[in-house]
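Here is how the chains run, residue by residue.
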Amino acid sequence: MRAILHPVLLPFLLLGTTFAQAGDHVALVIGNSKYTHLADNRQLTSPTTDAQDVAAGLKALGYTLVTGAAVTDASKDTMLNATEAFAKAAQGAEGAVFYYSGHGVQVGEDNYLLPSDAPRLTGISVLKNRTVLLRDTVMVALEEAGARNKVIILDCCRDNPFAAQLETALAQVGKSVRTKSVGEISGYGPGFYLAFATSPGTTADDGNGHRNSPFTAALLRSLPTSASKDIDFFFRDVKKLLGQEQVSWTNHSLNDSFALAAASLAKTLPAPPAAEMLPPLAPAPSPAVMPTAPGPLPLPLPALPPGKELQHATAKEEITAARKARHAEDFQEAMNLLRTADLRVPNHPEILAEMALTYEAMGLQVKARSYWTQVSALGEAESGGYHQLAVSKLLLTEAASASPRPHSPTLPQRGYFDSREVFLGTAYAAYNSHSRRIVIRRAQSRLSETAHYRGIVDGDMGPTTQKAILDWQEWHGLEVTGRLDHGTLVSLQLTNIPESTPPASSRPAASPRSPSVTAPTPAPAPTSSSAPSSKSGKPEAARLSGMKKKFSL
């Protein structure tokens, strides 16, 4: 069948490879709402407008859209042509952003984006031949192109329209399809930043009639105010706007700090989209419910060699303000001030050390180590006492990673604390189970960001979550209790989370009962040794049958 090219691709294809020299920041934005072979109730409402608005936002940041505009309701051929053009334009680029909104499917560890002409997926061969494999089509192409910072943003955690067909077909060949959890991607090369609309094991919403999905709405609102921040801080701002019910998830292999917008573009960013175009976002948290402990007092400053002291007056003021912000645990403000100071006086040991200390306070030891390495590389003649401090820090982190695990606390026989036990001694212990689950889910997400946790972010305690808490406490010199105690919550920045009311759908409905009639006690449900069970003890099939099947990529 002859391929039909999407209209927005024609100008680029006519230009050939000369387009690759257009700029240092390139982007490809795709949004698929209409699917030819799906029923009306399986069509999506917001991906097309999601893509159009994100494309406009990236253009305003100075990105060159390789197709000239967002690609919407694209066939497989159109998506492949667009990604090929994207890879060519990304050769040697400083930043390359790929955004996709629409249906997607995960099988094993492979993630597939569904084009608008995707047929009924009756098996693995149809899936591979008629959809777009994210890793091979996009990620490998960007690696080969040599783009320095490669950002993948996926807003596709919606209903999987082919779940039942694939589960039946793939079971026959010993494979499984995940219809609910985010498809965590592992084994990718350096320089990638991955952002998903929701965390592993949880679901995200479509626009439900609004112009944008909740995730993309939060992303669009963050662009004008946060695009010049480090990309980690940008997506933390997105998380704050999303609220408690949907927690976005990120992972990365970046070598250096990267911001979506260069500092020179910060004053030219567009205003946030009109409020009526966006779905309502979660309200701001209520006042603090748990006191927070102040950060450590500033240490005496190391001495710099004569003539190497920081001379720039404004940069000195910014460093002083950053230290105060770090002490107050306003880490975002501290990093913003330090990055501005670094632009004024690049690679000064005092500024690099302050960045490392701030990342340490945030629990981001890998990033802190990278800055201590830079300070150490400057040598003692350039950095004086900061060099000695950096060497000491690097030796400590090496010793911490090599040291044997200290005596672990006594855990219950099942091997982990449950959701009430893990909060013993904190205000969260008295919260309802729904609210405790939210806090655990946020802890899992935070531990995942710092590579301590590799499981599903589902809000459930289990052996993997328990091990991550123990590892976090050991690595950060905390008392190894295995619980989310006050010190651990402070280090994870998880204080001040208010208790919330469970959604109506999760509360048991009251059943009227006549006082004169005693309801018989139901017989225990039959058990089967072959039926997998959830942590609650219910058979897995029964637990899943009541859930609205969602999928994510």
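The rules behind the values
Residues numbered from 1 in each chain as written. Predicted model: local features only at pLDDT ≥ 70, side-chain atom pairs only at ≥ 80, totals over all residues. Heavy atoms only, no water. Helix = DSSP H or I, 4+ residues; strand = E, 2+ residues; numbered from the N terminus. Buried < 20%, exposed > 50% of the residue type's maximum accessible area, 1.4 Å probe, protein only. Areas by Shrake-Rupley, 256 points an atom, 1.4 Å probe, with all protein chains shown as cover. Axes fitted to C-alpha atoms, helices over the stretch in contact; angles between N-to-C directions. Parallel < 35°, antiparallel > 145°, perpendicular 65-115°, else oblique. Left-handed = near helix turned anticlockwise from the far one by under 90°. Contact = heavy atoms within 4.5 Å. Nonpolar A, V, L, I, M, F, W, Y, C, P; charged D, E, K, R; others polar. Core = buried A, V, L, I, M, F, W, Y, C linked by side-chain atoms within 4.5 Å. Pairing = 2+ DSSP bridges. 1 Å grid on protein atoms, 1.4 Å probe; cavity = no way out; pocket = protein on both sides within 12 Å on 5 of 7 lines; lining within 4 Å. Points joined across faces, edges and corners; volume = space filled by probe spheres on them. Expected span 1.5 Å × (residues − 1). Salt bridge = Lys/Arg side-chain N within 4 Å of Asp/Glu carboxyl O. Lys, Arg positive; Asp, Glu negative; His and termini not counted. Polar contact = N/O pair within 3.5 Å; in protein donor to acceptor, adjacent residues only side chain to side chain. Phe/Tyr/Trp six-rings, centres within 6.5 Å; stacked < 30°, edge-to-face > 60°.

**Some words on the overall build of the protein chain**
Along its length, the protein chain carries 18 helices and eleven strands. Burial analysis of the protein chain (553 residues in total) assigns 51% to the buried set. Accessible surface, the protein chain: about 25700 Å² in total, of which carbon and sulfur atoms supply 56%.

**Brief notes about the environment of Gly189**
Within the secondary structure, Gly189 sits in the loop between β9 (177-178) and β10 (192-196). Of the residues examined, Gly189 reaches a relative accessible area of 14% and is grouped as buried.

**Structural notes on the packing of helix α10 (residues 331-344) against helix α11 (residues 349-362)**
Contact geometry of α10 with α11 gives a least axis separation of 10 Å together with a crossing angle of 160°. Considering the angle they form, α10 stands roughly antiparallel to α11. The two elements α10 and α11 cross, and the hand of that crossing is left-handed. Residue-level contacts link Phe331, Ala334, Met335, Leu338, Arg339, Ala341 and Asp342 of α10 to Ile351, Glu354, Met355, Thr358, Tyr359, Ala361 and Met362 of α11. Its residues assigned to classes, the contact of α10 with α11 shows ten nonpolar, one polar and three charged.

**Observations regarding the environment of Ala85**
Along the chain, Ala85 turns up in helix α3 (residues 76-89). Classification of Ala85 by relative accessible area gives buried; the value is 2%. Each C-alpha atom of the pair Ala85 and Thr67 lies 7.9 Å from the other, and the pair is 18 residues apart in sequence.

**Topic: the nonpolar core**
Of all hydrophobic cores here, the largest spans 61 residues; its most connected members are Phe98, Tyr100, Ile152 and Phe423. Counting residues per element, this core draws most heavily on helix α5 (residues 134-145), at five residues. With 32 residues, the next largest nonpolar core counts Tyr193, Phe215, Leu219 and Ile231 among its residues.

**Looking at the environment of Arg148**
Along the chain, the position of Arg148 falls in the loop between α5 and β8 (149-155). Sequence separation between Arg148 and Phe258 is 110 residues, and the spatial gap between their C-alpha atoms is 9.8 Å. Non-local contacts of Arg148, meaning those with residues more than four positions away in its chain, are made with Ala93, Glu94, Gly191 and Asp256.

**Focus: the pairing of strand β4 (residues 95-101)**
Of all seven residues making up β4, seven are buried, and the element is well covered by its neighbours. Pairing between strand β1 (residues 25-31) and β4: seven bridges, direction parallel. Counted as the bridge partner of Val29 is Tyr99 from β4. Examined bridge by bridge, β4 and β8 share seven bridges and lie parallel to one another. Each residue of the ladder has a partner; that of Tyr99, found in β8, is Ile153.

**Concerning the packing of helix α9 (residues 313-327) against α11**
To characterise two packed helices, one gives the angle between the axes of the helices and the distance between these axes. Between α9 and α11, whose axes approach to 11 Å, the crossing angle comes to 10°. Classified by the interaxial angle, the pair formed by α9 and α11 is roughly parallel. Two secondary-structure elements touch here, α9 through Ile319, Arg323 and Arg326 and α11 through Glu350, Ile351, Glu354, Leu357, Thr358 and Ala361. Residues belonging to the contact of α9 with α11 are distributed by class as follows: four nonpolar, one polar and four charged.

**What to know about empty space enclosed by the protein**
Summed over the entire model, instances satisfying the criterion amount to two cavities of 30 Å³ or more. As a volume, the second largest cavity reaches approximately 30 Å³.

**Section: α10**
Since the α-helix turns once every 3.6 residues, residues separated by three or four places project in the same direction. The end-to-end C-alpha distance of α10 is 20 Å, a good match for the 20 Å that 14 residues give at a rise of 1.5 Å each. When α10 is considered as a whole, its buried residues turn out to be Phe331, Gln332, Ala334, Met335, Leu337, Leu338, Arg339 and Ala341.

**Some remarks on the pattern of salt bridges**
Across all of its chains, the model carries 15 salt bridges by this definition. Glu350 is the partner of Arg323 in a salt bridge, and the nearest nitrogen-oxygen pair spans 2.8 Å. With Arg323 in helix α9 and Glu350 in helix α11, the pair connects residues that are 27 residues apart, well separated along the chain. The burial state of Arg323 is the same as that of Glu350; both residues are buried.

**Some thoughts on unusual backbone geometry**
Residues other than glycine seldom take positive phi values, yet Asn347 does so here, at roughly 60°. As for its position among the elements, Asn347 is in the loop between α10 and α11.

**A short note on the side chain of Lys150**
With respect to the helices, strands and loops of the structure, Lys150 is situated in strand β8. Despite being buried, Lys150 has no salt bridge partner; Glu143 is the closest side chain of opposite charge, sitting 6.3 Å away. There is a polar contact of 2.7 Å between the side chain of Lys150 and the backbone oxygen of Ala147. Beyond its immediate sequence surroundings of up to four residues, Lys150 is in contact with Ala96, Leu142, Glu143, Pro190, Gly191, Phe192 and Tyr193.

**A closer look at the packing of aromatic side chains**
Considering all chains together, one arrives at six aromatic pairs under this definition. Plain terms: the ring middles of Phe86 and Phe98 are 6.4 Å apart, the flat faces sit at 35° to each other, and that makes the pair tilted. Note that Phe86 is positioned in helix α3 and Phe98 in strand β4, a separation of twelve residues in sequence. Exposure remark for Phe86: the relative accessible area of 1% places this residue in the buried category. Take Phe98: its relative accessible area is 1%, and that puts it in the buried class.

Any functional reading would require information that these geometric values do not contain.
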